[in-house]
Amino acid sequence: MTPPETVPEGEPSPLLVERNGRVATLTLNRPHRRNAMSTALLGRLDHELRKLTDQDGEAPGALVLTGAGGTFSSGADTREPDWRDLSRRAVRRAHFRTVFATLHEAPFPVVAAVEGYALGGGLELALACDLVVAGEGALFGLPELGVGAVPGGGAVHSLVRRAGRGVAARMLLIPGERVRADELARLGAVERTVPDGGALAEAQALAASVAAGDPALLEAGVRLLRDSGHLDRTAALGVENGYWWQAASAANRDSSPSSGQP
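Residues numbered from 1 in each chain as written. Predicted model: local features only at pLDDT ≥ 70, side-chain atom pairs only at ≥ 80, totals over all residues. Heavy atoms only, no water.

Any details on the packing of aromatic side chains? Residues and values, ideally.
According to the stated counting rule, one finds one aromatic pair in the structure shown. An angle of 85° between the planes, with centres 4.7 Å apart, marks the rings of Phe 96 and Phe 100 as edge-to-face. Highlighted residues: Phe 96 and Phe 100, both in helix 2 (residues 86-105), separated by four residues, approximately one helical turn. Side by side, Phe 96 and Phe 100 carry an identical accessibility label, which is buried. (Phe/Tyr/Trp six-rings, centres within 6.5 Å; stacked < 30°, edge-to-face > 60°. Helix = DSSP H or I, 4+ residues; strand = E, 2+ residues; numbered from the N terminus. Buried < 20%, exposed > 50% of the residue type's maximum accessible area, 1.4 Å probe, protein only.)

Now the structure itself:
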């Protein structure tokens with residue numbers, strides 16, 4: 001596994017890692033920049049996500065992603081000195097793609113706790129999670145077209161699928177458009193809204209409740225959820241059948257006499 005980029009001495013880590021029982025929490029920790037995603041932050045996030053998913057028998061039952069300082073993330077850090085350097089952008093892009101691939105393949109549910117802003121890559125990170133809990137006043141947007149870029153982390157696809165083409169078009173095409181969490185909750189892109197300031201506690205409680213389930217069944221459940229969204233009904237039923245047999249076989253092994261279970 002490639003180690004993350006080092007942080008200059010004296011600077012705080014751009015990512016905080018916490019483990020409480022079966023729930024892990026990763027906190028984007030650049031509040032002075034509204035948790036804008038620098039190369040160092042993306043490298044740490046990429047590294048820690050892969051560590052969590054690679055822990056044989058020690059993986060968490062659920063993961064919470066959040067941001068420090070009352071905001072989730074304002075997206076890519078366009079104020080990095082080398083922002084326009086293509087080779088450095090390629091490094092950031094590689095980390096970003098690995099982060100999304102790891103989230104999609106994680107054997108546990110991932111919950112986003114969103115306060116303040118989730119813009120650009122921050123919105124993409126939130127929508128890559130299985131569940132989104134947000135403060136009622138949280139604002140979501142896709143400002144990429146206004147800064148010489150286009151979304152590249154699946155946000156448009158996720159918004160069209162979860163909330164509809166209309167809201168995706170508004171957020172992508174209308175300059176400065178921001179959509180509140182309560183509207184996205186009505187449309188189905190946010191699963192729960194809570195009073196501002198309460199998203200992390202609610203997300204961690206939800207994650208703990210989810211993580212209490214059987215790990216093998218949880219893994220089958222999240223893979224079923226992620227794999228079924230883009231399929232037609234026939235293909236989706238085939239995927240469900242495969243996971244049904246996988247879970248049934250695991251249950252049969254666990255209850256067999258050789259397992260030591262009654």
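Next comes the rest of the description.
Lay out the pairing of strand 1 (residues 15-20) with the relevant residues and their values.
Note that strand 1 and strand 2 (residues 23-28) share six bridges and pair antiparallel. Paired with Val 17 across the bridge in strand 2 is Leu 26. Taking the residues between adjacent antiparallel strands as the criterion, strand 1 and strand 2 are bridged by two residues, where Gly 21 takes a positive phi near 65°. (Pairing = 2+ DSSP bridges.)

So, the environment of Ala 24: which residues are in play, and what are the values?
Structurally, Ala 24 can be placed in strand 2. Taking the relative accessible area as the measure of exposure, Ala 24 reaches 2% and is therefore buried. Here the alpha-carbon distance between Ala 24 and Leu 52, two residues 28 residues apart in the chain, equals 8.6 Å. Setting aside residues up to four positions removed in sequence, Ala 24 forms contacts with Glu 18, Arg 19, Leu 52, Pro 60, Ala 62, Leu 63 and Val 64. (Contact = heavy atoms within 4.5 Å.)

Describe in detail the sheet that holds strand 2, supporting the description with residues and values.
Pairing within the open sheet is mixed, and its six strands lie in the order 1-2-3-4-6-9. Bordering the open sheet on either side are strand 1 and strand 9 (192-194), each of which pairs with just one other strand. For this sheet, the mean inter-axis angle between neighbouring strands, taken without regard to orientation, is 20°. (Axes fitted to C-alpha atoms, helices over the stretch in contact; angles between N-to-C directions.)

So what's going on with the packing of helix 4 (residues 155-162) against helix 5 (residues 165-173)? Residues and values would help.
One can describe the packing of helix 4 onto helix 5 by two numbers: an axis separation of 7 Å at closest approach and a directional angle of 145°. For the pair helix 4 and helix 5, contact is made by Val 156, Leu 159 and Val 160 and by Arg 165, Ala 168, Met 171 and Leu 172, respectively. A per-class count over the contact of helix 4 with helix 5 returns six nonpolar, no polar and one charged. (Nonpolar A, V, L, I, M, F, W, Y, C, P; charged D, E, K, R; others polar.)

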